[in-house]
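# Coordinate inspection notes
Read off the chains here:
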Amino acid sequence: MAIDDTWYTEEWADQGSAISLKIKTKLCDLQSPYQRIEIFETESFGRLMTLDGLVMVTGRDNFIYHEMLTHPALCSHMQPEKVLIIGGGDCGTLKEVLKHEAVKHVDMVELDADVTHAAEEFFPELCSSNHDPRAAIHFEDGIKWVKDADEQRYDVILVDSTDPVGPAAGLFEIEFYRQCFRALTDNGILALQSESPLFHTSLIQAVDDSLGQAGFAKRKLFHFPQCTYPSGWWSATVAAKNGTLSVDLLRRPTLDTRYYSHELYAAAAIPPRFLQS
Ligand code: AG3
């Protein structure tokens, strides 16, 4: 991370590339027990939240990521009533989940309460559903939460994590996927943010292998543009405990979205040739 007077830059040294956003002002800089949380007002991307120097959310493009982590997974399930979100402290994923009328209860389990408090203050549009009676926000360790969860407790689990370093590393491990498998109902669906198809190809393949070994019969990679993340191209891996992965033709929920559509579901799941196995 580097910032001079007017530009915020996240560098990806191993890829010889970076993203820069022009900054107007810095709104918040705090060290939580877990990480450094910074929020900026940018010139043209709305507000920007970074964690330990990594771009998490901008006001302008977060809808693509949040919709694509949430809707392919929930639309792959006939009746997603009980949902668990691991991470997702900015509450953007929670907001998308609550757009589904079928959802009766959502547990959001975020390690760092300061991220959510900062989001409530600086990204109120992401937190507008936080007081929905179906939502319960817990500030706890998501890995432990899943380990302690009853068998078959959730229909859908969404993992809205940071990159696989530090406390998030365990969210990319097979043991965690095994625990998710156990905590899901028979038709349960797991979705996780799985980094860039261009920069993190081997990670994506390793995640797919581990999910298979953990018992998930069917996996699909959904890919989408995300111009403020490394390479500008991002992915969510969706895994089904049993059966198939598709949008049920008889049950296509009406959703107020800006990127996701039921037509896009199929298109976004077609892998680029270099990722076809
Ligand atoms: N999740 C972060 C994805 C990783 C971004 N990586 C990076 N900038 N190096 C975002 C959380 C949104 N709810």
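The rules behind these values
- Residues numbered from 1 in each chain as written.
- Predicted model: local features only at pLDDT ≥ 70, side-chain atom pairs only at ≥ 80, totals over all residues.
- Heavy atoms only, no water.
- Phe/Tyr/Trp six-rings, centres within 6.5 Å; stacked < 30°, edge-to-face > 60°.
- Helix = DSSP H or I, 4+ residues; strand = E, 2+ residues; numbered from the N terminus.
- Buried < 20%, exposed > 50% of the residue type's maximum accessible area, 1.4 Å probe, protein only.
- Lys NZ or Arg CZ within 6 Å of the ring centre and 35° of its normal.
- Core = buried A, V, L, I, M, F, W, Y, C linked by side-chain atoms within 4.5 Å.
- Contact = heavy atoms within 4.5 Å.
- Near = heavy atom within 4 Å.
- Polar contact = N/O pair within 3.5 Å; in protein donor to acceptor, adjacent residues only side chain to side chain.
- Areas by Shrake-Rupley, 256 points an atom, 1.4 Å probe, with all protein chains shown as cover.
- Axes fitted to C-alpha atoms, helices over the stretch in contact; angles between N-to-C directions.
- Parallel < 35°, antiparallel > 145°, perpendicular 65-115°, else oblique.
- Left-handed = near helix turned anticlockwise from the far one by under 90°.
- Nonpolar A, V, L, I, M, F, W, Y, C, P; charged D, E, K, R; others polar.

### Re the packing of aromatic side chains
- For the coordinates displayed, the defined rule picks out eight aromatic pairs.
- With centroids separated by 6.1 Å and ring planes inclined at 70 degrees, the aromatic side chains of W12 and F199 adopt a geometry described as edge-to-face. Of this pair, W12 sits in strand 2 (residues 7-12) while F199 sits in the loop between strand 11 (184-193) and helix 6 (201-213), and the two are 187 residues apart along the sequence.
- A residue is classified by how much of its surface remains accessible, and F199, at 18% relative accessible area, is buried.
- For the pair F222 and Y265, a centre-to-centre distance of 5.1 Å together with 70 degrees between the ring planes defines the contact as edge-to-face. Taken together, the positions of F222 in strand 12 (residues 218-225) and Y265 in helix 7 (residues 262-268) put the pair 43 residues apart, joining distant regions of the chain. Just as F222 is buried, Y265 falls in that class too.
- These aromatic residues form a ring-pair network of at least three members: Y65, Y229 and W234.
- Just above the ring of F63 sits the side chain of R258; from NZ or CZ to the centre is 3.9 Å.

### Section: the nonpolar core
- Ranked by size, the top nonpolar core spans 57 residues in total, and within it M49, V97, V106 and L158 carry the most contacts.
- Here this core gets eight residues from one element, more than from any other, and that element is helix 1 (residues 62-75).
- For L158, the residues in contact, after removing those within four places along its chain, are L69, T70, A73, L74, L84, I85, I86, T93, V97 and A191.
- If you look at the next biggest cluster of nonpolar residues, it comprises 24 residues, including L84, A149, Y177 and C180.

### Comments concerning the site of the ligand
- Near the ligand you find 15 residues, and of these E10, V55, H66, D90 and D160 are the closest.
- One nitrogen or oxygen atom from the side chain of H66 is found 2.8 Å from a nitrogen atom belonging to the ligand.
- In the environment of the ligand, a nitrogen atom lies 2.8 Å from a nitrogen or oxygen atom belonging to the side chain of D163.
- Here the ligand loses 98% of its free accessible area of 400 Å² to cover by the protein chains.
- For the shell around the ligand, the secondary structure elements donating two or more residues are strand 6 (54-58) and helix 1.
- At four residues, strand 6 tops the list of elements feeding residues into the shell around the ligand.

### What to know about the packing of helix 5 (residues 174-183) against helix 6
- Put simply, helix 5 and helix 6 touch, their axes get as near as 9 Å, and they point 45 degrees apart. Viewed along their axes, helix 5 and helix 6 adopt a mutual orientation that is oblique. In the crossing of helix 5 with helix 6, the sense of the turn from one axis to the other is right-handed. Residue-level inspection shows I174, Y177 and R178 of helix 5 in contact with helix 6, the latter providing V207, S210, L211 and Q213.
- Looking at the contact of helix 5 with helix 6 residue by residue, the classes come out as four nonpolar, two polar and one charged.

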